[in-house]
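So you can see what is in the structure, the chains are spelled out below.
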Amino acid sequence: MNPKRLAQRPAVLLAAVILGVGLASALLSEPELPGVARDPMPAVDGLTFVDHRTADAPQEVDLIPDPGELLFVYFGYLSCPDVCPMTMSDIAQARDAVGPALAARTRVAFVTVDPQRDGPDRLRSYLSHFFDDDYHALIPVDEAALAAAADRLGVRYEIEAHEPGDERYDVLHSALTYVVDDRGHLVRELPFGATPDDYARLIRALLP
Amino acid sequence: MQRYRFVASAVAVGLLLPACSGADGPDLTVEGAAAVVQQPEAAETDEEAAILVHHARSRMSPSRAGVAAVYLDLENPTATDDVLVAASVPEGFAGRVEVHETYEVDDDSMAGDGHMSSDGNGHMSDDTGMHGGSDSDAPAMMGMREVPGIPVPAGSTVELVPGGYHIMLMDLAEDLVTGEEFTLTLELEHAGAVTVSVEVRDHADV
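Because the structure is predicted, anything quoted here is derived from the model rather than measured.

Any chance you could break down the packing of helix α2 (residues 83-98) of chain A against helix α4 (residues 120-131) of chain A for me, citing the residues and the numbers?
Residues and elements named next belong to chain A. At a minimum axis distance of 9 Å, the contact between α2 and α4 shows a crossing angle of 40 degrees. Judged on the interaxial angle alone, α4 and α2 are oblique. Across from Cys84, Pro85, Met88, Ser89, Ile91, Ala92 and Arg95 in α2, the residues of α4 making contact are Tyr126, Leu127, Phe130 and Phe131. Within the contact of α2 with α4, the residues separate by chemical class into nine nonpolar, one polar and one charged.

This is how it looks when you write it as structure tokens:
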């Protein structure tokens, strides 16, 4: 099955060039941007997940946003009461802060590293608390897909060994937020603890 | 701001836990003589060991996640160090309540703990999943763990905030809904049981 690009609108070359130049100049002129950028920036193409945002129509997607948009990719799990909701809340607050026009050009893709417990319904319910219906609820196609994405982005996770059927186990995860641009490049990663203001500044800087 | 004050019985100076004297405790090295004199006096006149709890709040629990974290400030105005050792909620509200901390995994301490080899191939066996090596470029992993207690040194305020300590509610019978309140009982080593009302807040107000 061919993955459907998150980018569904026809890409306009000129817009892409303008965005690219804007991104480059924004990054060069703004050394104080929060988070870090890797050199070279990893490409996220070919990493596919199933998006369960729409209950009856799960879609295979990649991690590349529409032209002119940014995607915040987060690998977490729903049984996480502290770190994950704090990060989701911080991003939600940043989207509120930058205003509807910019917010509409950003979206969170939450990838569960705990598909055993995190089913589609719970993912949707969870994410809608933070982002209404404007999110991607991503469940890995299979373990290999999750591992491939983790390798590419540098995500680490560990699921505590447990008996089959046991729902009580701990999860460790590197709690970074990965910022992907419309070229499919990981342009920035923010550590746990980045503030809503950090996210807002990044959105303003990367979306001229 | 709601304020709850609870009073427990007197605490003898002999019960002071030296191990719990944090950086905020009495400075015994500077003007040590004065401190040594004052300390027993303060304890002897402290007939009530009180702990004040401020800002008890919880983030609404989204999506039948079944878990929630409670945050609050613990103020210890007494001359006696104290420790938050446990917490509980009314029967049937949550299956388990634990005193937790969010921590960053120290990879050195996990050596030989089944980390993946350097081939980098991710895998998840039937009941175990782990991914990512612990090389120097790899980001640290975050986790949660139960702690035996949260020290609340004499004369200090300890804040349980996102990313640090929290009281973890597990197996919640119902989702926590913004605007609701529930009862939480804290167990302190010296002050004893302290019952507070926890306000359920929207995610952005925690």
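Pulling in residues and values, what's your account of the packing of aromatic side chains?
All names here are of chain A. Tallied over the full model, the rule gives eight aromatic pairs over all chains. With a centroid separation of 5.8 Å and 75 degrees between ring planes, the pair formed by Phe72 and Tyr199 is classed as edge-to-face. With a gap of 127 residues between them, Phe72 in strand β3 (residues 70-76) and Tyr199 in helix α6 (residues 196-206) connect regions that are remote in the sequence. Here the two residues Phe72 and Tyr199 agree in accessibility, since each one is buried.

An account of the interface of chain B and chain A is needed here, citing residue identities and associated values.
The interface is formed by 44 residues belonging to chain B together with 41 residues belonging to chain A. With both chains or domains summed, chain B and chain A bury close to 3,400 Å², and 57% of this area falls on carbon and sulfur atoms. Scanning the region where chain B abuts chain A turns up one salt bridge. The salt bridge partner of Asp171(B) is Arg168(A), with a shortest N-O separation of 2.4 Å. Our count for the chain B to chain A interface comes out at eight residue pairs in polar contact (both at pLDDT 80 or more). Those elements that place two or more of their residues in the side of chain B that touches chain A are β3 (68-76), β5 (94-104), β6 (123-124), β7 (129-131), β8 (142-146) and β11 (165-172) of chain B.

Give me the packing of α2(A) against α6(A): which residues, what numbers.
Residues and elements named next belong to chain A. It is at 8 Å that the axes of α2 and α6 come closest, and there the two elements cross at 50 degrees. Judged by the angle between their axes, α2 and α6 are oblique. You can see that α2 and α6 cross each other, and the crossing is right-handed. Listed contacts from α6 to Thr87, Asp90, Ile91, Gln93, Ala94, Ala97 and Val98 of α2 are Pro196, Tyr199, Ala200, Ile203 and Arg204.

Tell me about the pairing of β3(B), and name the residues and values.
Residue and element names in this part refer to chain B. Of all nine residues that make up β3, eight are buried, and the element is covered over most of its length. Pairing of β3 with β11, which is carried by three bridges, proceeds in the antiparallel orientation. By the bridge assignment for β11, Ala69 is matched with Met168. Examined bridge by bridge, β3 and strand β10 (residues 156-160) share five bridges and lie antiparallel to one another. Residue pairing across strands places Glu75 opposite Thr157, the latter belonging to β10.

Tell me about the nonpolar core, and please be specific about residues and values.
With 71 residues, the main nonpolar core has Leu63(A), Val73(A), Phe75(A), Met88(A) and Phe131(A) as its most contacted residues. Considering every element that reaches this core, the biggest residue donor is α2(A), with seven residues. Sequence-distant contacts of Val73(A), defined by excluding residues within four places in its chain, comprise Leu63(A), Ala109(A), Val111(A), Leu176(A), Thr177(A), Tyr178(A) and Val180(A). Val99(B), Ile150(B), Leu188(B) and Val194(B) belong to the second-largest nonpolar core, a separate cluster that totals 32 residues.

Lay out the pairing of strand β4 (residues 106-112) of chain A in plain terms, naming residues and giving numbers.
Residues and elements named next belong to chain A. Judged by how many residues are buried, β4 sits mostly within the fold: six of seven residues are covered. Bridge count between β3 and β4: seven bridges; the pairing is parallel. Bridge pairing links Leu70 to Thr106 in β4. Bridging between β4 and strand β5 (residues 135-140) involves four bridges; their strand directions are parallel. Note that in β5 the partner of Val108 across the bridge is Tyr135. For the segment spanning β4, α4 and β5, crossover handedness is right-handed.

Cut-off values and rules
- Residues numbered from 1 in each chain as written.
- Chains lettered and ligands numbered in written order.
- Predicted model: local features only at pLDDT ≥ 70, side-chain atom pairs only at ≥ 80, totals over all residues.
- Heavy atoms only, no water.
- Axes fitted to C-alpha atoms, helices over the stretch in contact; angles between N-to-C directions.
- Helix = DSSP H or I, 4+ residues; strand = E, 2+ residues; numbered from the N terminus.
- Parallel < 35°, antiparallel > 145°, perpendicular 65-115°, else oblique.
- Contact = heavy atoms within 4.5 Å.
- Nonpolar A, V, L, I, M, F, W, Y, C, P; charged D, E, K, R; others polar.
- Phe/Tyr/Trp six-rings, centres within 6.5 Å; stacked < 30°, edge-to-face > 60°.
- Buried < 20%, exposed > 50% of the residue type's maximum accessible area, 1.4 Å probe, protein only.
- Buried area = accessible area lost by both parts, 1.4 Å probe.
- Salt bridge = Lys/Arg side-chain N within 4 Å of Asp/Glu carboxyl O.
- Polar contact = N/O pair within 3.5 Å; in protein donor to acceptor, adjacent residues only side chain to side chain.
- Left-handed = near helix turned anticlockwise from the far one by under 90°.
- Pairing = 2+ DSSP bridges.
- Core = buried A, V, L, I, M, F, W, Y, C linked by side-chain atoms within 4.5 Å.
- Right-handed = clockwise from strand over helix to strand, strands pointing away.

That is the geometry; function is a separate question.
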